[in-house]
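# Survey of secondary and tertiary structure
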Amino acid sequence: MLAALALATLPGAMPTGTLDVRVSDLRSTKGTILFCLTADPENFPGCTDDRNAVTRSVPAAARGVRIAGLGRGDYAVSVIHDENDNAKLDTFAGIPREGFGFSRNPAIRFGPPKFSASEFPLAGDVTMQQVRIRYLL
């Protein structure tokens, strides 16, 4: 504890926070939940080219994840309920066949929301995001 306090007071030490992401409305506990956290609007929602993105996968029964040691700033989270454990969002004619969701639970129109619709600040010690999973098929 004392060492962490001393580290936080060093010049240039970056304050960090923790993000708790919880999911609701899963239709089953089969498979895995895939989380993607990014601060880069250009790489949302997929995080494919963002080397600073944080990705996690947990069993669907866990219904959430905690990510610690994050720098303060604005982030967005995308979530996939990968029911068949193939590490991707399955689609049929461009329509997701598996569940998905985003931080701040923005309205879904045609395609994924913009970063700004899912963006939230990580400013305190612990930030919570509740993501509602949606199924279209």
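In this report, we go over the structure that sits alongside the text. (Residues numbered from 1 in each chain as written. Predicted model: local features only at pLDDT ≥ 70, side-chain atom pairs only at ≥ 80, totals over all residues. Heavy atoms only, no water.)

### Quick word on the overall build of the protein
Helix and strand counts for the protein come out as two helices and ten strands. Element order for the protein, N to C, with α for helix and β for strand: α-β-β-β-β-β-β-β-β-α-β-β. Its C-alpha atoms give the protein a radius of gyration of 16 Å, near enough to 14 Å, the size a compact globule of 137 residues would have. Taking the principal axes of its C-alpha atoms as reference, the protein extends roughly 55 × 30 × 25 Å. Sorting the 137 residues of the protein into buried and exposed places 39% on the buried side. Pairs at least 24 residues apart make up 72% of the contacts formed inside the protein by residues separated by at least 6 positions. Here the protein has roughly 8,000 Å² of accessible surface; of this, 55% comes from carbon and sulfur atoms. Placing the 15 positive and 14 negative side-chain charges of the protein at their respective mean positions leaves the two points 5 Å apart. (Helix = DSSP H or I, 4+ residues; strand = E, 2+ residues; numbered from the N terminus. Rg over C-alpha atoms; globule rule 2.2 N^0.38 Å. Buried < 20%, exposed > 50% of the residue type's maximum accessible area, 1.4 Å probe, protein only. Contact = heavy atoms within 4.5 Å. Areas by Shrake-Rupley, 256 points an atom, 1.4 Å probe, with all protein chains shown as cover. Lys, Arg positive; Asp, Glu negative; His and termini not counted. Charge placed at Lys NZ, Arg CZ, Asp CG, Glu CD.)

### Some thoughts on the pairing of strand β2 (residues 32-38)
Of all seven residues that make up β2, seven are buried, and the element is covered over most of its length. Along β2, one buried face is formed by T32, L34, C36 and T38 and the opposite face, lined by I33, F35 and L37, is buried too. As paired elements, β2 and strand β3 (residues 54-59) share six bridges and run antiparallel to each other. Paired with T32 across the strands is P59, a residue of β3. (Pairing = 2+ DSSP bridges.)

### Observations concerning the packing of aromatic side chains
One pass over the structure, following the stated rule, counts three aromatic pairs. An aromatic cluster is built from F44, F100, F102 and F115, whose rings are joined through pairwise contacts. (Phe/Tyr/Trp six-rings, centres within 6.5 Å; stacked < 30°, edge-to-face > 60°.)

### Section: the state of the cysteines
As enumerated under the stated definition, the model contains one disulfide in all. Linked covalently through their sulfurs, C36 and C47 form a disulfide whose S-S length is 1.6 Å. Its torsion about the S-S bond being 105 degrees, the disulfide of C36 and C47 is classed as right-handed. In this pair, C36 is assigned in strand β2 and C47 in the loop between β2 and β3, connecting sequence segments eleven residues apart. (Disulfide = S-S within 2.5 Å.)

### Considerations on the pairing of strand β10 (residues 126-132)
By the alternation rule, side chains of β10 split into T127, Q129 and V131, which are all buried, and V126, M128, Q130 and R132, of which none is buried. Here strand β1 (residues 16-24) pairs with β10 via seven bridges, running parallel. Along β10, the bridge assignment pairs V21 with Q129.

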